[in-house]
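# Structure assessment
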Amino acid sequence: MHLTLPVFPLNTVLYPGGLLSLKIFEQRYLNMTKACVRDATPFGVCRIREGREVGLPALPDLVGCTALIAQWEMPHLGVFHLQTRGQQPFRILQHTTQSDGLIRAEIELLDESTGAIGQDSFALCRRVLEQIIEKIGADYFSAPLAYDDPRWTSYRLAEALPLDLEVKQGLLELRNDGERLQRLHAYLTRTA
């Protein structure tokens, strides 16, 4: 399915089901936020491939994740505080930059597959994620905690581990939960 949506390039990788807090103050993103709140529509979050978060439009990676605004407040005029939740991975087919600097992209939503789940990989990833959540608290993760779900576990572990942004991006681009768990398992065994 093809959609058109605004894209917010950031120095982060958002995964489906992930939580992302944002402070919005640039006019292009204030306008985007107002439209998304008014119409209850998502925007796209992509890791910055080239450029910076503030100022001139950055060049986004081609694979990102849609984000839906779950909560918002405007503590003072010209600033939004948003709590967003990642929805679905997508690929940018083409994009344009509006005169105000906002990127609008035609995207295709990407399918996900479970793939072959290696039980050793899944068991280790689940155990490490449980320990992380026990240590830092469940408030940093979307409820309900779904440790039995390989997709949920792989995405939450990818968020929580101190991985390079390029590695995190590669994990988002994988369309197969089993492969994602295998990569995370390899990282955990290398760094143990």
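Residues numbered from 1 in each chain as written. Predicted model: local features only at pLDDT ≥ 70, side-chain atom pairs only at ≥ 80, totals over all residues. Heavy atoms only, no water.

### Quick notes on the nonpolar core
Applied cut-off: Nine residue types can take part in a nonpolar core, namely buried Ala, Val, Leu, Ile, Met, Phe, Trp, Tyr and Cys, and a core is a set of them joined through side-chain atoms within 4.5 Å. Working definition: with a 1.4 Å probe on protein chains only, accessible area under 20% of the residue-type maximum means buried, over 50% means exposed, and in between means partly exposed. Helix numbering and strand numbering both begin at the N terminus, where a helix is a DSSP run of H or I of at least 4 residues and a strand a DSSP run of E of at least 2. The criterion used for residue contact is that any of the two residues' heavy atoms lie within 4.5 Å.
In this structure, Y15, L129, L157, L161, L171, L184 and L188 are the most contacted members of the largest nonpolar core, which totals 26 residues. Elements with a minimum of two residues in this core: α2 (119-136), α3 (150-160), α4 (165-173) and α5 (177-191). It is α2 that provides the largest number of residues to this core, a total of seven residues. Excluding residues that lie within four positions of it along the chain, L157 makes contacts with C125, V128, L129, I132, L184 and L188. L22, Y29, F43 and V45 belong to the second-largest nonpolar core, a separate cluster that totals 18 residues.

### Side note on the packing of α2 against α5
To be explicit about the condition: Axis lines are fitted through C-alpha atoms, for helices just across the contact stretch, and the angle between N-to-C directions can take any value from 0 to 180 degrees. Here roughly perpendicular refers to angles of 65 to 115 degrees, roughly parallel to angles under 35, roughly antiparallel to angles over 145, and oblique to all remaining angles. In this scheme the crossing of two helices becomes right-handed for a clockwise turn of the near helix relative to the far one and left-handed for an anticlockwise turn of less than a right angle. Residues are grouped as follows: nonpolar covers Ala, Val, Leu, Ile, Met, Phe, Trp, Tyr, Cys and Pro; charged covers Asp, Glu, Lys and Arg; every other residue, Gly included, is treated as polar.
Between α2 and α5, the least distance of the axes is 9 Å, while the angle of their chain directions is 65°. With respect to α5, the axis of α2 lies roughly perpendicular. Crossing angle aside, the handedness with which α2 passes α5 is left-handed. Judged by residue contacts, D120, S121, F122, L124, C125 and V128 of α2 engage L181, Q182, L184, H185, L188 and T189 from α5. Of the residues belonging to the contact of α2 with α5, the class tally is seven nonpolar, four polar and one charged.

### Notes on the pattern of salt bridges
As a reminder of what qualifies: We define a salt bridge as a contact between a side-chain nitrogen of Lys or Arg and a carboxyl oxygen of Asp or Glu at a distance within 4 Å.
A full pass over the atoms with the stated rule returns 13 salt bridges. Note that R47 and D61 form a salt bridge whose closest N and O atoms lie 2.6 Å from each other. Of this pair, R47 sits in strand β3 (residues 43-50) while D61 sits in the loop between β4 (59-60) and β5 (63-76); the two residues are 14 residues apart in sequence, bridging distant segments of the chain. Take R47 and D61: they sit in the same class, and that class is buried. The structure contains a network of salt bridges with shared partners spanning E112, R151, R175, D177 and R180.

### Regarding the pairing of strand β1 (residues 2-10)
Residues in a regular strand project their side chains so that they alternate between the two faces of the sheet. As a reminder, the rule being used: Pairing between two strands is assigned when DSSP locates at least 2 bridges connecting them.
Taken together, the six bridges between β1 and strand β7 (residues 103-109) define a ladder with antiparallel strand orientation. Looking across to β7, one finds that L5 is bridged to A105.

### Concerning the environment of T189
For clarity, the threshold we go by: Here a polar contact means two N or O atoms within 3.5 Å. Within protein one must be a hydrogen donor candidate and the other an acceptor candidate, and residues neighboring in sequence count only if both atoms are side-chain atoms.
Here T189 shows up in helix α5. Residue T189 is classed as partly exposed on the basis of its relative accessible area of 45%. With 101 residues separating them in the primary sequence, T189 and Q88 have C-alpha atoms 29 Å apart. Side-chain polar atoms of T189 contact the backbone oxygen of A186, separated by 3.1 Å.

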